[in-house]
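Residues per chain are reported as follows:
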Amino acid sequence: MTADGSPRPRFMRLRPEPARLWMRRAARSWPGPPGPWTDLAGLGLGHASAAGLPDPGEVAPGGGLLYVPPVRHELEGSRREWIARMGQAGVQTLVQLDAVDEAPQAGPTKVVRDLLRPLLERDYEVLDRVPRGALALWPLIAGLTDGEELRGKGCAALARAGIEILAPVVLSVDPKQLRALVETAPKTFGKAFDRAFHSTAPDHRVLAREAATHGLRSCWRRPVSSRARRALNDHLAEILIQAAELWLRLERPEGTGQELYRAARWAAETGVDIRALVSEGNEEIVPWLREPSLDLVREWAAEGRSPTLETWFEEYVGPSA
């Protein structure tokens, strides 16, 4: 129940960001499977749950990308039906599968492959079999899935498989979960206990650079879902969010990074047709739309993309000094 006594919504709103692959909503409770899996909504480890699938009737269309995590084995058929119903209702979904599971035939807007299990088990044969063209998620856990040898062999296997995007995400894992991970596979991890509890936080950029040396991209943005004003503005907002993150990861001035975030919030919230505003030369009436945000907006209005952002990303994954 909420503070005013009304029922608590079954779905929560999330801020769209690259780490969560641009999802905007997720269920508050979900029938997760046993064993390790990545919870993209919480940016941590998922957990087993006795909950049931939410009522499909509670999911409204048009609310942004909906996260569909894995479920207990006996509910997989029900989840496929649930996904199909979402598609019929016009709800865009991000469906998470294990590395080589069969994808649903209908419904999802995008499938993401969670590589956590084969990475923990050092199972390069499974990584070799990830479906061609996949969007693959590499969860980074200090001391367990961020080692140099694993990065090299793992990226090589995924390149052979022909995946489209390798998306690194740093997970926050509490000590109890970390201990359980280490204790379940001591032979695989060797001295993993010491590494897991005494390693520094994983570096997203190191994996992105390794991926680039194998010809893998680590930057994914959703394609524009329609030519409607709201969808186009959301697309621009995601470009500006990604620009803000890259700017700060490149250790450039904090103030400019925050201005990029502010421009992204404006793009996501305004009712203005931004493309029309720019094409008519009126973008300067927006007081907080300044360089470099203004340059990115103009590029997007002209081309539907930002060459400047692509240049920043090339710098981010380029050779270290």
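You'll find the structure just up there.
The model shown is predicted, which means the values in this text are computed figures rather than measured ones.

Draft legend 1. Fine view of the overall build of the chain. Within the chain one finds 13 helices and 9 strands. Its C-alpha radius of gyration of 20 Å places the chain within 12% of the 20 Å reference for a compact globule of 321 residues. Taking the principal axes of its C-alpha atoms as reference, the chain extends roughly 65 × 55 × 40 Å. Burial status across the chain gives 50% buried among its 321 residues. Residue pairs in contact within the chain that sit at least 24 positions apart in sequence constitute 63% of those at least 6 positions apart. Summing over all exposed atoms, the chain offers an accessible surface of approximately 15,400 Å²; the carbon and sulfur share of this is 50%.

Draft legend 2. Representation of the state of the cysteines within the structure. Applying the stated criterion to the full structure yields 0 disulfides. In this structure C155 is not part of a disulfide, and its nearest cysteine sulfur, from C219, lies 16 Å away. The buried category is assigned to C155, whose relative accessible area is 0%.

Draft legend 3. Structural view of the side chain of R20. Checked against the element boundaries, R20 lands in the loop between β1 (11-13) and β2 (25-27). At a separation of 2.7 Å, a polar atom in the side chain of R20 contacts the main-chain carbonyl oxygen of A41. For R20, the residues in contact, after removing those within four places along its chain, are L14, R15, L40, A41, L43 and L94.

Draft legend 4. Fine view of the nonpolar core. Among the nonpolar cores identified, the biggest contains 63 residues, and I141, L240 and W312 are the most heavily contacted of them. If you tally residues by element for this core, the top one is helix α9 (residues 229-249), at 10 residues. With sequence-adjacent residues up to four places away left out, W312 is seen in contact with A243, L246, W247, L250, R252, L260, P292 and L296. Formed by 20 residues, the second largest nonpolar core is a distinct cluster that contains A134, A136, A161 and I163.

Draft legend 5. Region of the structure containing the packing of helix α4 (residues 148-161) against helix α8 (residues 204-213). In the contact formed by α4 and α8, the axes pass within 9 Å of each other and the chain directions differ by 40 degrees. The angle between α4 and α8 places the two elements in the oblique class. Classified by chirality, the crossing of α8 by α4 is right-handed. Residues R151, G152 and C155 of α4 lie in contact with α8, whose contacting residues are V206, L207, E210 and A211. Taken together, the residues of the contact of α4 with α8 break down into 4 nonpolar, 1 polar and 2 charged.

Draft legend 6. Summary view of helix α1 (residues 76-88). The end-to-end C-alpha separation of α1 is 19 Å, in line with the 18 Å expected for 13 residues at 1.5 Å each. Residues R79, W82, I83 and M86 constitute the buried set of α1. Angularly, the buried residues of α1 cover 100 degrees about the axis, an arc narrow enough to put them on a single face. Those residues of α1 that are exposed and angled more than 90 degrees off the buried face are E81 and Q88. On the buried face of α1, the contacting elements are β1, β5 (66-68) and β6 (93-98). Looking one or two residues past α1, G90 carries a phi angle of roughly 80 degrees, positive in sign.

Reading the values: rules and limits
Residues numbered from 1 in each chain as written. Predicted model: local features only at pLDDT ≥ 70, side-chain atom pairs only at ≥ 80, totals over all residues. Heavy atoms only, no water. Helix = DSSP H or I, 4+ residues; strand = E, 2+ residues; numbered from the N terminus. Rg over C-alpha atoms; globule rule 2.2 N^0.38 Å. Buried < 20%, exposed > 50% of the residue type's maximum accessible area, 1.4 Å probe, protein only. Contact = heavy atoms within 4.5 Å. Areas by Shrake-Rupley, 256 points an atom, 1.4 Å probe, with all protein chains shown as cover. Disulfide = S-S within 2.5 Å. Polar contact = N/O pair within 3.5 Å; in protein donor to acceptor, adjacent residues only side chain to side chain. Core = buried A, V, L, I, M, F, W, Y, C linked by side-chain atoms within 4.5 Å. Axes fitted to C-alpha atoms, helices over the stretch in contact; angles between N-to-C directions. Parallel < 35°, antiparallel > 145°, perpendicular 65-115°, else oblique. Left-handed = near helix turned anticlockwise from the far one by under 90°. Nonpolar A, V, L, I, M, F, W, Y, C, P; charged D, E, K, R; others polar. Expected span 1.5 Å × (residues − 1). Arc of directions from axis to C-beta.

In short, shape yes, function no, at least from these values alone.
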